[in-house]
Amino acid sequence: TDDTLLWGQSYRTDLANVVEVGAVIAREAIQELGVPVRGAEQSRLAARPTENPDAYQAYLCGMRYHDLDGREQMGLAVSMFDRAIKLDPTFAEAYAELSVTHSRIYHRGIDATPERLAKAEQAARRALELGPDLPEAHLALGAIQHLGRRDFAGALAEYTIAARYLPNDSELFALIADIHR
C-alpha cells in the first residue's frame, strides 16, 4: 500500500532461453515474496507452454496486442498467434489466446461474421484437445459464449472452470463481473 518494493532482480539471457527464464523468475518471485502455491498452481508453474523459443516469442508479441481495440493491433495479435502455432502446432495456450482474440474481434464489430466466430470455436476446441485441463481453453470457450453468442449461462460455466485454476486472473474476473452486471 505504500509502494515499497518487495522484490526485484535483473536477468540477462539470450532469446533461446526466454521460456526457461520466465519459469525461473516466477519461482524466485514466489519464493522471495512467500506466496503460498497449491498443487495445481505449482504444476502449472513448472510446465513449459512450448519448447520452441521462437513460438514463445511470437506468443508474447500476440499477448502484447490482443487486448488493444484497434483493427491493426488485433490483426497483429492474430498474426502472432498464428505464427506461434505454425512454429509449434502443439502450443495449446497460443490456440486459446487466438480464440479469445477472434471472439474480441467479433464482439467489437471489427469482423462480426459467422466465419470469425467459427475461427474462435476451432481454435478453442484445438486448445482443449491439446490441453484438456488447460484453464485458458475454458476461458476461450467462455469468451465465445459470452462475447459471441451472448449465452451468459454457458459463459459462466466455462469461466467457473477456468477460475478454479486461475484464481488471480483479473481479466477473467472482469469478464465474470461483466456478465453479472
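For the structure itself, look to the data block above.
In this report, we go over the structure that sits alongside the text. (Residues numbered from 1 in each chain as written. Predicted model: local features only at pLDDT ≥ 70, side-chain atom pairs only at ≥ 80, totals over all residues. Heavy atoms only, no water.)

**Some points on the layout of surface pockets**
Counted only if it meets this: Cavity: a set of points on a 1 Å grid over the protein atoms alone where a 1.4 Å probe fits but cannot get out. Pocket: an open set with protein on both sides within 12 Å along at least five of seven lines, its lining residues, like those of a cavity, having an atom within 4 Å of a point. Grid points are joined across faces, edges and corners, and a volume is the space filled by probe spheres set on the points. Secondary structure counts use DSSP, requiring at least four H or I residues in a row for a helix and at least two E residues in a row for a strand, with both numbered from the N terminus. All residues other than Ala, Val, Leu, Ile, Met, Phe, Trp, Tyr, Cys, Pro, Asp, Glu, Lys and Arg, Gly among them, are scored as polar; the first ten of these are nonpolar and the last four charged.
In this structure, the second largest pocket encloses a volume near 200 Å³. If you go around the second largest pocket, the residues you meet are Arg104, His107, Arg108, His146, Leu147, Arg150, Phe152, Leu175, Asp178, Ile179 and Arg181. Counting only elements with at least two residues in the lining of the second largest pocket, the list comes to α5 (92-107), α7 (135-149) and α9 (170-180). Ranked by residue count, the leading element in the lining of the second largest pocket is α9, at 3 residues. Residues belonging to the lining of the second largest pocket are distributed by class as follows: 4 nonpolar, 2 polar and 5 charged.

**A closer look at the packing of helix α4 (residues 71-87) against α5**
The line we're drawing: Axis lines are fitted to C-alpha atoms, over the contacting stretch for helices. Their N-to-C directions set the angle, which ranges from 0 to 180 degrees. Working definition: roughly parallel below 35 degrees, roughly antiparallel above 145 degrees, roughly perpendicular at 65 to 115 degrees, and oblique for all remaining angles. The sense of a crossing depends on the near helix, which, turned anticlockwise from the far helix by less than a right angle, makes the crossing left-handed and, turned clockwise, makes it right-handed. When checking whether two residues touch, look at their non-hydrogen atoms; a contact exists if any pair is within 4.5 Å.
As a packed pair, α4 and α5 sit with axes 9 Å apart at the nearest point and diverge in direction by 155 degrees. On the basis of their axis angle, the class for α4 and α5 is roughly antiparallel. Note on packing geometry: the crossing formed by α4 with α5 is left-handed. Residues Met74, Ala77, Val78, Phe81, Asp82, Ala84 and Ile85 of α4 touch α5, and the partners they reach there are Ala94, Tyr95, Glu97, Leu98, Thr101, His102, Arg104 and Ile105.

**Some words on unusual backbone geometry**
Basically, it comes down to this: The rule is simple: take the accessible area with a 1.4 Å probe, protein chains only, and divide by the maximum for that residue type; under 20% is buried, over 50% is exposed, in between is partly exposed.
For Asp3, which is not glycine, the phi torsion reads 65 degrees and is therefore positive. Its location among the elements puts Asp3 in the segment before α1 (18-33). Residue classification places Asp3 among the exposed positions, given a relative accessible area of 78%.

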